[in-house]
Amino acid sequence: MNNVLSPEELNRYARHISLSEMGVEGQEKLKAARVLIIGAGGLGCPVLLYLAAAGVGHIGIVDGDVVDVSNLQRQVLYTMEDIGQSKAIVAKKRLEALNPYINITVYPFILTKENALEIIKKYEIIVDGTDNFPARYLIDDACVLTNKINIYASVHRFEGQVAVFNIPNADGTRGATYRDLFPTPPTLGTVLNCAEEGIIGVLPGIIGSLQANEVIKIITGIGEPLAGKIALFDAANFTIRVINLKKTSNTVITELIDYDYFCNQNHLPVINTITVHQLQQMMQDSIDFQLIDVRESNEHAQFNLGGILIPLPILLQKQELIPKDKSVMFYCQSGNRSIAAIQDLTKQGNHSAMHFYTLEGGVNAWRNAFIREE
C-alpha cells in the first residue's frame, strides 16, 4: 500500500496535519500502521471508530460474536437492523463507510491458542477489547511471544482501567505485561462481567477512546505512552488515578496454553456441566429435576428459563430450598455464578456436588442457541 497521502486524504486529515506534533509525517505513519482489535464490543467499538477515522491504514477485527439487542446500549457501531449478524462483518461495513481510504480485515471467529500467533504476528499493535480472563491472558502471552505491544483495558459497572503492556524499552527489554498486573487469575465468581453486574453505557466509550489515543501516540511518537503504569477511571465520582506497575512476574512464556484450564484449575470441586441443548431435551422429556436461577431478581424478571430464583448472595441462607433427592441445575447469565454457587454449597459439607449441574454459558448460551432461531 502506498503510504503517501493523496490530495483527498490531505484534506480529510487536515486537522491532524495542522498539529505540529503530527504533520504529514505522522499521518503517513498512521496510514502505514497495522493494528489488530480483538473484540468488537463495548471497548472495541470506540477504538475501531476512532482509529478508522484517524486513518490507521490496516485494521484487523477479531470477534466471533453476533449483535444482540442488549449490546446496543453501549456498542455504538451497531443498530437494530444488525441484530443476529456478525459483529466483525457489520463493523467492517460501517468503518468502510466512514473511511474508504483504509484496509480492514475481519476474523469473524473466536481467538484461540491455535490461531492467535498466526493472526497477531501480522500486526504491530494489539488492542485487547475482550471481557474475560482467559482471553486476556491468551492475548498478552501471544504478544510476548510475537514481540507485540498490547493496549489493554477493562470496564466494570462505573469503573475502567487502561494500560500499555509489553512495550519495548530503550535497552531492548520489554515493559510490564498483563501477568505483572494479575500474576494469577482471580478466583472464579469474584469478578463478574458486564452482563452479570451491569455497566453504564458511556464508560466503554470513554475507556475505548483512551485505548485509541494510546495507539495513535505510539504509532506517531507523540507524547509518552501509558507504559509501566495503569490508569484507573471512576465515572461515578469522576476521578482518575495513575499508578505505577512494576515488572514483577517471573513467568517465562514459551508457548500458548489452555487458558480456560489455567484460569479455573484451582477451583474445586470438579463440577458437572450441562449444555443448553441437553437441558432443553430434559425439559421436553419432562424429566424430574430442580432448576435454580442464581442471578439477581431484575435479571430473572427480564428473561429466565423457569425454575426458582435464589440469588447467589443469599444462596447459603436458602439451602432448605435445594433438594437432595434429585438433580439440580443451576444457571446464571454466563455460567460463572452458577459455578460459584455449586462451590459455595459443597464447601459447607451439607451437599454433594454429584447431583449439581451448571448450565454451560448460562442464559447467554440459551438465547444464542434458541432465541435467534425463532
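In short, a report on the structure. (Residues numbered from 1 in each chain as written. Predicted model: local features only at pLDDT ≥ 70, side-chain atom pairs only at ≥ 80, totals over all residues. Heavy atoms only, no water.)

**Quick notes on helix H5 (residues 87-98)**
- An ideal rise of 1.5 Å per residue puts 16 Å on twelve residues; H5 measures up with 16 Å between its terminal C-alpha atoms.
- Listed in full, the buried residues belonging to H5 are Lys87, Ala88, Val90, Ala91 and Leu95. For H5, the angular spread of buried residues about the axis comes to 160 degrees, placing them on one side. The exposed set on the far side of H5, more than 90 degrees from its buried face, consists of Lys93 and Ala97.
- Buried residues along H5 sit in contact with helix H4 (44-54), strand S2 (58-62) and strand S3 (103-107). (Helix = DSSP H or I, 4+ residues; strand = E, 2+ residues; numbered from the N terminus. Expected span 1.5 Å × (residues − 1). Buried < 20%, exposed > 50% of the residue type's maximum accessible area, 1.4 Å probe, protein only. Arc of directions from axis to C-beta. Contact = heavy atoms within 4.5 Å.)

**A word on the sheet that holds strand S4 (residues 125-128)**
- Strand order across the open sheet formed by eight strands is S3-S2-S1-S4-S5-S6-S7-S8, with mixed pairing between neighbours. Looking along the sheet, the strands with just one partner apiece sit at the ends: S3 and strand S8 (239-244). Averaged over all adjacent pairs, the angle separating strand axes in this sheet is 15 degrees, with direction ignored.
- Bridge count between strand S7 (residues 229-234) and S8: six bridges; the pairing is antiparallel. (Pairing = 2+ DSSP bridges. Axes fitted to C-alpha atoms, helices over the stretch in contact; angles between N-to-C directions.)

**So, the nonpolar core**
- Residues Val35, Leu48, Leu51, Ile59 and Ile61 are the most contacted members of the largest nonpolar core, which totals 43 residues.
- The residues touching Ile61, leaving out its near neighbours within four places in the chain, are Leu36, Ile37, Ala40, Leu48, Ala88, Ala91, Lys92, Leu95, Ile104, Thr105, Val106 and Tyr107.
- Residues Ile120, Tyr137, Phe165 and Ile230 belong to the second largest nonpolar core, which totals 27 residues. (Core = buried A, V, L, I, M, F, W, Y, C linked by side-chain atoms within 4.5 Å.)

**So, the environment of Asn336**
- Relative to the assigned elements, Asn336 resides in helix H14 (residues 336-347).
- On a C-alpha basis, the gap between Asn336 and Gly361 in space is 8.3 Å, while along the polypeptide they are 25 residues apart.

**Notes on unusual backbone geometry**
- Here the phi dihedral of Arg157 falls at roughly 55 degrees; this positive angle occurs in a residue that is not glycine.
- Tracing the backbone through its elements, the reader meets Arg157 in the loop between strand S5 (149-156) and strand S6 (159-165).
- Overall, the relative accessible area of 37% leaves Arg157 in the partly exposed class.
- Phi angles above zero are rare outside glycine, and Asn166 is one such case at about 60 degrees.
- With respect to the helices, strands and loops of the structure, Asn166 is situated in the loop between S6 and helix H8 (178-181).

**Overview of the side chain of His300**
- Its place among the elements puts His300 in helix H13 (residues 297-302).
- In this structure His300 comes out as buried when scored by relative accessible area, which is 16%.

**A word on the pairing of S6**
- Summarising burial for S6: six of the seven residues are buried, a large majority.
- Across seven bridges, S5 lies against S6 in antiparallel orientation. Counterpart to Tyr152 in the pairing with S6 is Ala163.
- Hairpin connection of S5 to S6: two residues between the antiparallel strands, including Arg157 at a positive phi of 55 degrees.

**Regarding the sheet that holds strand S11 (residues 308-309)**
- With parallel pairing, the five strands of this open sheet are ordered in space as S9-S13-S12-S10-S11. Strands with a single pairing partner mark the edges of an open sheet, and in this sheet they are strand S9 (272-274) and S11.
- Summarising the sheet, strand S10 (residues 290-293) and S11 pair through two bridges and their orientation is parallel. Residue Ile292 lies in a different strand from S11, and its bridge partner there is Ile308.
- Sheet strands touched by helix H12 (residues 276-284): S9, S10, strand S12 (328-331) and strand S13 (356-359). Its angle to S9, the strand with the most contacts, is close to 75 degrees.

**With respect to the packing of aromatic side chains**
- Applying the stated criterion across every chain, the model contains ten aromatic pairs.
- Note on Tyr137 and Tyr178: the rings are 5.0 Å apart at their centroids and 75 degrees apart in plane angle, and the pair reads as edge-to-face. Taken together, the residues span a long stretch of sequence, with Tyr137 in helix H7 (residues 133-146) and Tyr178 in helix H8 at a distance of 41 residues. Grouping residues by exposure puts Tyr137 and Tyr178 together as buried.
- Feature note: the residues Phe133, Tyr137, Tyr152, Phe165, Tyr178 and Phe182 constitute an aromatic cluster, connected by ring pairs.
- Over the ring of Tyr123 we find Arg34, and its NZ or CZ is 5.1 Å from the ring centre. (Phe/Tyr/Trp six-rings, centres within 6.5 Å; stacked < 30°, edge-to-face > 60°. Lys NZ or Arg CZ within 6 Å of the ring centre and 35° of its normal.)

**What to know about the pattern of salt bridges**
- Summed over all chains, the structure comprises 14 salt bridges.
- With its nearest N and O atoms 4.0 Å apart, the salt bridge here joins Lys29 to Glu25. Of this pair, Lys29 and Glu25 both sit in helix H3 (residues 23-32), separated by four residues, roughly a single helical turn.
- The exposure class assigned to Lys29 is partly exposed, which follows from its relative accessible area of 35%.
- Lys121 is the salt-bridge partner of Glu118, the closest N and O atoms lying 3.1 Å from each other.
- With a relative accessible area of 47%, Lys121 lands in the partly exposed category. (Salt bridge = Lys/Arg side-chain N within 4 Å of Asp/Glu carboxyl O.)

**Side note on the side chain of Thr346**
- The residue Thr346 is located in helix H14 in this model.
- A distance of 2.8 Å separates a polar side-chain atom of Thr346 from the backbone oxygen of Ile342.
- At a separation of 3.2 Å, a polar atom in the side chain of Thr346 contacts the main-chain carbonyl oxygen of Gln343. (Polar contact = N/O pair within 3.5 Å; in protein donor to acceptor, adjacent residues only side chain to side chain.)

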